[in-house]
Each structure stands twice: as C-alpha cells, then as structure tokens.
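Examination of the molecular architecture
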Amino acid sequence: MKTIKFLALSSAAAVIAVGSAQAADLPLKAKAVEYVKVCSIYGAGFYYIPGTDTCIKLGGYTRADATLYGSGAYNAPAWNGNAGQKNRLANNFIFRSRQDLNIDTRTATEYGVVRTYFDATFNWTSGDGVAGGTLGVYYAFVQFAGFTFGKAVSQFDTPWTGYPGNNTSFLIGGYDDVTGINQISYTAQFGNGVSAAISLEDPSSYLQSGLYNTSNPGLTAAQINAAYPAGVFGTNSYAGVAVPDIVGQVRVDQAWGLFQVSAAAHQLRASYYTPSLETSGHPSDTWGYAVQAALSIKNLPTGPGDSFNITATYSNGATRYVIGGVGPNSFAIYGNSGLAGVYQSIAFASAPDGVFGGLNNVVGTNIEKTTAWGVRGAFNHNWNPYWSSSLFGSYSAVDFNSNATALISTAYGTPYNPNFRIAQIGTVTRWTPVKNLTLSGEVMYTYLDQANSGLVVLTAPGATKPAGATYEYKDQGVWSGNLRVQRTF
C-alpha cells in the first residue's frame, strides 16, 4: 500500500514539474496590433496616424516634360537669352523630370481644424549635370481658426493661379504664385460661399520686378550699351523690404463657378542713387498698387465639366502682379530683316515697377511708376472621359509715363519708346488612358509688339551678335511647344 501511494505522489509531482516547465517556455501575451484606420472626415486618402487623433494624407506626382524651341522648361517662350537670339547656343529641346511629394495633416480641436501642408519638388532639368538637380519648396504652412502662417498661394491669386487651362508656366497677363509666397493671412467665411481675406505677404522673391536707375552708376559705356539690347533700362536698385505687401480679397464660390475681386498695396523703396555710396542719397519711398477681377464659369452647355476661366488685372508700380510668376521682366527677341545693309531685326522690352535717374540727391529724380494691365483666360472642354482640350491666351501691356520715357531716352542717347505689348495664344490636348495618368501636348505662339521703328547700331549686343552692326526695330513672334507625361497619386 505504501508503495502504491509513493508511486502516485511521485507521478503527480512529475506532471506538475513538467507542466511548470512548459508554462515557463510559453511567450508573454502580445499587445493588440494598432491597425491604420481610414479617416473619412476630410475626404478620400486620409488615415489616422496610429495612436493619435490626427489624420494624414500623402500625395504627389511624377512628371516627365520636354519643351521644344523654348528658352526654359515648361514651355518658356524663346523671348530672351540665347533662345531669343536664335543662335547655335540655344537648346531646341529642354527636358525636365520632376517628383512632387506633399503631406497634408488635419486635427479636429475645440477651436476648429488645425491643418499643416507641405509640398516639395525634386527636379532634374537639361544642364543640371549627370546627377545634379534642384529641390523646390512650394508650400509649407499652418492653418488654424481662419489664419494661414507660412508659404501658401497668395490671397490675391485665383484657385487656378497662372493656369486657367494651360500647361505652360509662362502665360503672362496676370498674377501667378503657384509655388507659394510667405504670408500671414486671415480668411473669414460668411456662408453661402462668400468669403473675404486680408494678408501681409513677402514681396522679396515674387513681387519686385525691378527699380531701374537709368543713370547706370558704376557701369562702363560698353555695359550701358549692352544693357538695352537685353531689355534692361538701368541698374536694378531695389532696397530691402520695409513693409510687406498688403493684400485683400473678396470671393463668391457657387455651383455655377466663382467670382473674385483682389487688391494689393506694394511699396517701392530704392537703395541709393549710387549703389555703393549711401551718402549719395535715395529717392523718396512711394507706393504702388494692383487690382484684379476673376471669373470662372463651370458646367457650360458645351459639355459636362467644361469651364471658362478669365482674369483682368491692372497695376501701377506693381508690375509683377501682371507680368507675374516665373516669367522674366525683360525680353529680347531677334529676327530677320529684309532691309539692305541691316544685319537683323530686334525687339526688346522691360517691365520694371519704376525708373529713376541721378547719381546723388542733388540731381536725382523721384521714382516714376510703370503702369501695366493684362487679360488672361482659357476655355476648357472635355471631349469624352479620356480626352480633353484647352484653348488659352493672354494680352499684356506695359506703359511708361513721359518722365520715365525721357529718362530712358536720355540714358540711351536717342529717343526711345519703352512701351510694349505681348500677346499669347495656345492650345493643349490631354489624353488620360487610365485614372491619374495623363499625356499632353501643347503649342503656344508669343508675339512681342514693341513701339519703336527705324534702325539702331548696337556697339555691344552681347552673346554671339556682332558688335557695331545695324539692326532694325521690328515686332517679333516665336512658337514653342511642350510634351508631358504625368502620373498623380
């Protein structure tokens, strides 16, 4: 009996020991996995950042682009530089490859939604080197309780910025800050699609077109002569920014489209009459301004999704609000001449905010402001779900008053009329074989109408043009084209 009891107790002890050993080998219970959850509050593509109440959306696009017979990427017309001279140094095609990445975050709070947005581009353009390239920061801003702080689209601009229907970044005739501008702004929503905004915006990168001292202090005679065929009427003498541009906007958004009125005040502040000598004095500061009206009409009778976008802009002493965006503020285009003894024809122009003259405050003048106006628009038509086309165009005018014209003529040494007009017209057709993949082709004609006639001898025309040759003042037109493939995600 004792033997049986001993065996039973021994067996039980062994089972307990083995069970304890097996339990020690078992892993601890894992924490529950935090799955990424869809955030449907702000539209498609948003997800909750795990462990937070913040929603995030990642997006962007990849683009391959080629410009034909232009002066730069994105269908820049051949309106200056080697392309404008039509010499053998100009590229007949310019490639650009781009990757865009953007991050959008939103958090609901008791004070409203807190939003941050960041958009950056990585670019490689013809001439950047084997593995070179550039980085661009388009947008980086915080929005909260109606305020916007950081780099965002200007409150002066329209939702389509410089693209009423075009691919080109160089359809001038209106404001364009598609790459954003630093600002502090406040937008009030009044309901029924009515809103108003006021903003302080940094003019240093986008909005200072040029403030030319026609006396050309510090330049040699050859440099002065060379400046005019490049479309530059003196030494750019803008001072540092003392006051940001003050911008206001009123807008109505409805199912039928949009109507918007914008206005801006822009300070003109020159450095010194002689740039390297502060005792030479400077012209008095003055203010320029710009106004814009914009209209967009949607769902036209011509087809589902068709639209018509148009802006009309006027400025005095704030030329960049009309000759805007990444476009140049000086133009120089050469062409043929049928006159005997004349080497070629030429049209050159400049679009500064203002001009002044003098080497010191005794003989120096005030700033003479430049007037500009422009109309820009496009009709956008969908042929079917896969094919669409846009017809776009613009007309821009820049005028100098009599005092400014006299200053430029005196510096040039002969009567010269700096007023000019630029007309542009183009079309683009897009094919979208699958969602978010678009192939497009664009063509544009640009015509520079300058106000001079007769002949001129250029002693230092620059680049490859012969010095001392006779040229004919003549209006010029150029064609440019663009091919693009873009995948958006």
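Since this is a predicted model, take the numbers as computed values, not measurements.

**Concerning the overall build of the chain**
Helix and strand content of the chain: four helices and 25 strands. Once the C-alpha set of the chain is aligned to its principal axes, its extents read approximately 135 × 50 × 50 Å. Per-residue burial for the chain yields a buried fraction of 46% across its 489 residues. Within the chain, counting contacts between residues at least 6 apart in sequence, those at least 24 apart form 66% of the total. Distance from the positive charge centre (27 side chains) to the negative charge centre (26 side chains) of the chain: 12 Å.

**Description of the pattern of salt bridges**
This model, assessed by the stated rule, comprises six salt bridges. D65 is the salt-bridge partner of R484, the closest N and O atoms lying 2.5 Å from each other. Of this pair, R484 sits in strand β25 (residues 476-488) while D65 sits in strand β2 (residues 54-68), placing them 419 residues apart in sequence. Of the two residues, R484 and D65, both sit in the buried class. R251 is paired through a salt bridge with D253; the nearest N and O atoms lie 3.0 Å apart. A network of salt bridges, in which partner residues are shared, links D104, R106 and R115.

**Brief notes about the nonpolar core**
Core analysis: the biggest nonpolar cluster contains 40 residues, and F331, F348, F420 and L448 have the highest contact counts within it. Not counting chain neighbours up to four residues away, the residues in contact with F420 comprise F331, A349, S350, A351, S396, A397, V398, L448, D449 and Q450. Judged by nonpolar contacts, the second largest core, of 10 residues, contains Y175, L207, A264 and A290.

**Points about the confidence of the model for the chain**
Mean pLDDT over the chain stands at 91; residues scoring 70 or higher make up 91%. Note that residues 1-24 has pLDDT below 50 and, in this model, zero contacts with residues that lie over four places away or in other chains.

**Observations concerning the pairing of β25**
Pairing of β2 with β25, which is carried by eight bridges, proceeds in the antiparallel orientation. Paired with D65 across the strands is R484, a residue of β25. As defined by bridge partners, strand β22 (residues 437-450) adjoins β25 across 12 bridges and the pair is classed as antiparallel. Across the sheet, Y445 pairs through a bridge with W479, a residue of β25.

**Some details on the environment of P283**
Secondary-structure assignment places P283 in the loop between β12 (257-268) and β13 (286-298). Separated by 10 residues in the primary sequence, P283 and Y273 place their C-alpha atoms 7.6 Å from one another. With near-sequence residues (within four places) excluded, P283 lies in contact with A270, Y273, F356, T365, N366 and I367.

**Here we look at the sheet that holds strand β9 (residues 211-213)**
Pairing is mixed across the open sheet formed by four strands, whose spatial order is β10-β9-β17-β18. Edge positions in the sheet fall to β10 (235-236) and β18 (368-369), since each of these pairs with one other strand and no more. As paired elements, β9 and β10 share two bridges and run antiparallel to each other. Within β10, the residue paired with Y212 across the bridge is N236.

**Some points on the environment of L89**
Position of L89 among the secondary structure elements: in the loop between α2 (81-85) and β3 (93-109). Overall, the relative accessible area of 55% leaves L89 in the exposed class. Placed 375 residues apart in sequence, L89 and T464 show a C-alpha to C-alpha distance of 8.7 Å. The residues contacting L89, other than those within four sequence positions of it, are N82 and T464.

**Quick word on the sheet that holds strand β16 (residues 344-350)**
What the four strands build is an open sheet, ordered β15-β16-β24-β23; its pairing is mixed. A single partner strand is all that each edge strand has here, and the edge strands are β15 (330-335) and β23 (455-458). Ignoring which end each strand starts from, the neighbouring axes of this sheet average 35 degrees apart. Two strands pair when backbone bridges link them, and β23 and strand β24 (residues 469-473) are joined in this way by four bridges, in the antiparallel orientation. By the bridge assignment for β24, V456 is matched with Y471.

**Some details on the state of the cysteines**
The final tally for this structure, using the stated rule, is one disulfide. A disulfide bridge connects C39 with C55, and the sulfur atoms are separated by 2.1 Å. Between C39 and C55, the S-S torsion sits near 80 degrees, and that sign places the bridge as right-handed. Linking C39 in the loop between α1 (2-25) and β1 (47-48) with C55 in strand β2, this pair joins segments that are 16 residues apart in sequence.

So, how was this worked out
- Residues numbered from 1 in each chain as written.
- Predicted model: local features only at pLDDT ≥ 70, side-chain atom pairs only at ≥ 80, totals over all residues.
- Heavy atoms only, no water.
- Helix = DSSP H or I, 4+ residues; strand = E, 2+ residues; numbered from the N terminus.
- Buried < 20%, exposed > 50% of the residue type's maximum accessible area, 1.4 Å probe, protein only.
- Contact = heavy atoms within 4.5 Å.
- Lys, Arg positive; Asp, Glu negative; His and termini not counted.
- Charge placed at Lys NZ, Arg CZ, Asp CG, Glu CD.
- Salt bridge = Lys/Arg side-chain N within 4 Å of Asp/Glu carboxyl O.
- Core = buried A, V, L, I, M, F, W, Y, C linked by side-chain atoms within 4.5 Å.
- pLDDT = per-residue confidence, 0-100.
- Pairing = 2+ DSSP bridges.
- Axes fitted to C-alpha atoms, helices over the stretch in contact; angles between N-to-C directions.
- Disulfide = S-S within 2.5 Å.

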